[in-house]
Amino acid sequence: MASATAAPHTLCSIPTTSSSSSSSSTTRAFSLNATRFLPKTSIRRLGFAGAAADPIFTHHVAIKLRSLKASGKPVRGVASMAKKSVGDLTGADLKGKKVFVRADLNVPLDENQNITDDTRIRAAVPTIKYLISYGAKVILSSHLGRPKGVTPKFSLAPLVPRLSELLGIQVMKADDCIGPEVEKLVASLPDGGVLLLENVRFYKEEEKNEPEFAKKLASLADLYVNDAFGTAHRAHASTEGVTKFLKPSVAGFLLQKELDYLVGAVSSPKRPFAAIVGGSKVSSKIGVIESLLEKVDILILGGGMIFTFYKAQGFSVGSSLVEEDKLDLATSLIAKAKAKGVSLLLPSDVVIADKFAPDANSKVVPASAIPDGWMGLDIGPDSIKTFSEALETTKTVIWNGPMGVFEFDKFAVGTEVIAKKLAESSSKGVTTIIGGGDSVAAVEKVGVASVMSHISTGGGASLELLEGKELPGVIALDEATPVAV
Ligand SMILES: Nc1ncnc2c1ncn2[C@@H]1O[C@H](COP(=O)(O)OP(=O)(O)OP(=O)(O)O)[C@@H](O)[C@H]1O
Ligand SMILES: O=C(O)[C@H](O)COP(=O)(O)O
């Protein structure tokens, strides 16, 4: 691979002082000061509610809490925005009760129906074990894939052995998710038993969120736990509709943990706070970039989207991926970063290829000089160095989207080095949050997943949350009982 050096391409320079001390933003100052007054559980509760995904809301509440604390009055009406948790249910609430648990067990299967990544099954275990330990009867529900009607290859049957192994009990399996046969199996469930229902998406009514279907699902159980973070952005019968017929409807531990990190840590980060956003297109990450620009000190961009930014600046991009209709947007994002005092880092050099293929010829060139007929498929060594140095200074990092076409070994270096860098930071106490989807795959490929502070089990759901959107599966849950703090 030939290499050419390039000057670091930093659109906005890295501030010499951290924004925690230098920021003139009132919002930012609030987030730093106000959260000091909150006990950890309150921060959790605040970050947990859908409405609290709005940092401004969080700050207002934090400030209200501070003044109430100062006045000596009990704090009411604040934690009521939070959602009730499965951890709030114990003994009498659960013993012998039929609990409908919606998990996201949408795991990848190979052509022989073997599970190729069991992360989502493992992530669902703590909530199920908790319920079992209190003698509840767990009716477990999930979707798998996007079937159109009953489709055997999307059956949940292949998950039973792994689920049984992880739970340490034999999980029963129903061939349907509603109907008399399922009801019989539910009636035969012992306390502490688990019944896995068949793919809930075998019914089109699931995705249409039809009340009659939701009612049938609900009729199987006494109460509802939603632990399906990966599907919380879908208003479906088993994630949203069912809550209208089952009380209480509470959050599972996984859902709670995801929100703690993706809302809590991002709303009230230890600073400097950096975000790394990559992936193929600007269009799929606009919301995330705009939302993160309100919060971060450093924004690092990589992946296919960078070429739209380069073209917007008048660089030659060869045949790299460019979204022509997003050039103005790229320009305005650069301006926004500048106005906000965010250090926006784009790669200074790129690895280019003569075709989109694993065996393409490749070379490193300055980002501003991609020849015709060549396309950028990874960030180059100088960029890796600059990004790594910027990451040295951070206390919180969130990463969403690969730096290059990491599926091809030749163009996986940028993504892999960034993954290793984050693992190193994490082991030094930096909060590292991996935002789902391909970035998770990359972190796992490098073997550093266990070192990260949090790896999200939700692709689309984590993106929507980072964009500041409310998740219907969360909003529908019961509010927590107000607590005095
Ligand atoms: N320079 C590039 N040119 C073309 N495709 C790229 C480039 N860099 C990365 N990609 C591709 O982007 C894809 C991931 O982009 P996408 O926008 O779907 O991210 P994502 O899946 O949402 O990320 P995440 O799942 O981590 O949130 C990968 O398949 C990768 O090959
Ligand atoms: O894999 C996911 O992102 C979730 O399981 C949601 O799946 P969906 O995009 O098919 O709704």
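In what follows, the structure referred to is the one given above.
From a predicted model like this one, the values you see are computed outputs, not experimental measurements.

Q: Could you clarify how one ought to interpret the site of ligand 1 in this entry?
A: Residues in contact with ligand 1 amount to 20 residues; listed here are only the nearest, Ser280, Glu407, Gly436, Asp438 and Ser439. With respect to ligand 1, the backbone of Gly401 contributes an N or O atom lying 3.1 Å from an oxygen atom. Considered on its own, ligand 1 offers 630 Å² of accessible surface; in the complex 83% of this is hidden by protein. For the shell around ligand 1, the secondary-structure elements that each account for two or more residues are strand 14 (375-379) and helix 17 (438-446).

Q: Would you explain the site of ligand 2 in this entry?
A: As a matter of local geometry, ligand 2 sits amid Asp104, Asn106, Arg120, His143, Arg146, Arg201, Gly230 and Arg234. Interatomic distance of 3.0 Å between a side-chain N/O atom of Arg120 and an oxygen atom of ligand 2. Arg201 has a polar side-chain atom sitting 2.8 Å from an oxygen atom of ligand 2. Tallied by class, residues from the shell around ligand 2 come to no nonpolar, three polar and five charged.

Q: Could you clarify how one ought to interpret the environment of Arg146 in this entry?
A: Mapped onto the elements, Arg146 comes out in the loop between strand 2 (137-141) and helix 7 (160-167). Distance from Arg146 to Arg234, taken between C-alpha atoms, is 13 Å for residues 88 residues apart in sequence. Leave out the neighbours within four places in its chain, and Arg146 touches Phe154, Arg201 and Arg234.

Q: Explain the sheet that holds strand 10 (residues 343-345) to me, please; I cannot follow it from the model alone.
A: Two modes of strand pairing occur in sheets, parallel and antiparallel, and in both the strands are linked by backbone hydrogen bonds. With parallel pairing, the six strands of this open sheet are ordered in space as 10-8-7-15-16-17. The sheet terminates laterally at strand 10 and strand 17 (454-455), the two strands that pair on one side only. Both strand 15 (residues 396-400) and strand 16 (residues 431-434) contribute to a ladder of four bridges, which runs parallel. Paired with Ile398 across the strands is Ile433, a residue of strand 16. Helix 15 (residues 381-392) contacts strand 7 (273-277), strand 8 (298-301), strand 10 and strand 15 of the sheet and is inclined by roughly 155° relative to strand 8.

Q: What's the story with the side chain of Ser249 in this structure? I'm lost.
A: Inspection of the secondary structure assignment puts Ser249 in strand 6 (residues 249-251). Polar side-chain contacts of Ser249 include one of 2.6 Å to the backbone oxygen of Leu246. Contacts of Ser249, omitting those with residues within four sequence positions, involve Tyr224, Thr243, Leu477 and Asp478.

Basis of the calculations
Residues numbered from 1 in each chain as written. Chains lettered and ligands numbered in written order. Predicted model: local features only at pLDDT ≥ 70, side-chain atom pairs only at ≥ 80, totals over all residues. Heavy atoms only, no water. Near = heavy atom within 4 Å. Polar contact = N/O pair within 3.5 Å; in protein donor to acceptor, adjacent residues only side chain to side chain. Areas by Shrake-Rupley, 256 points an atom, 1.4 Å probe, with all protein chains shown as cover. Helix = DSSP H or I, 4+ residues; strand = E, 2+ residues; numbered from the N terminus. Nonpolar A, V, L, I, M, F, W, Y, C, P; charged D, E, K, R; others polar. Contact = heavy atoms within 4.5 Å. Pairing = 2+ DSSP bridges. Axes fitted to C-alpha atoms, helices over the stretch in contact; angles between N-to-C directions.

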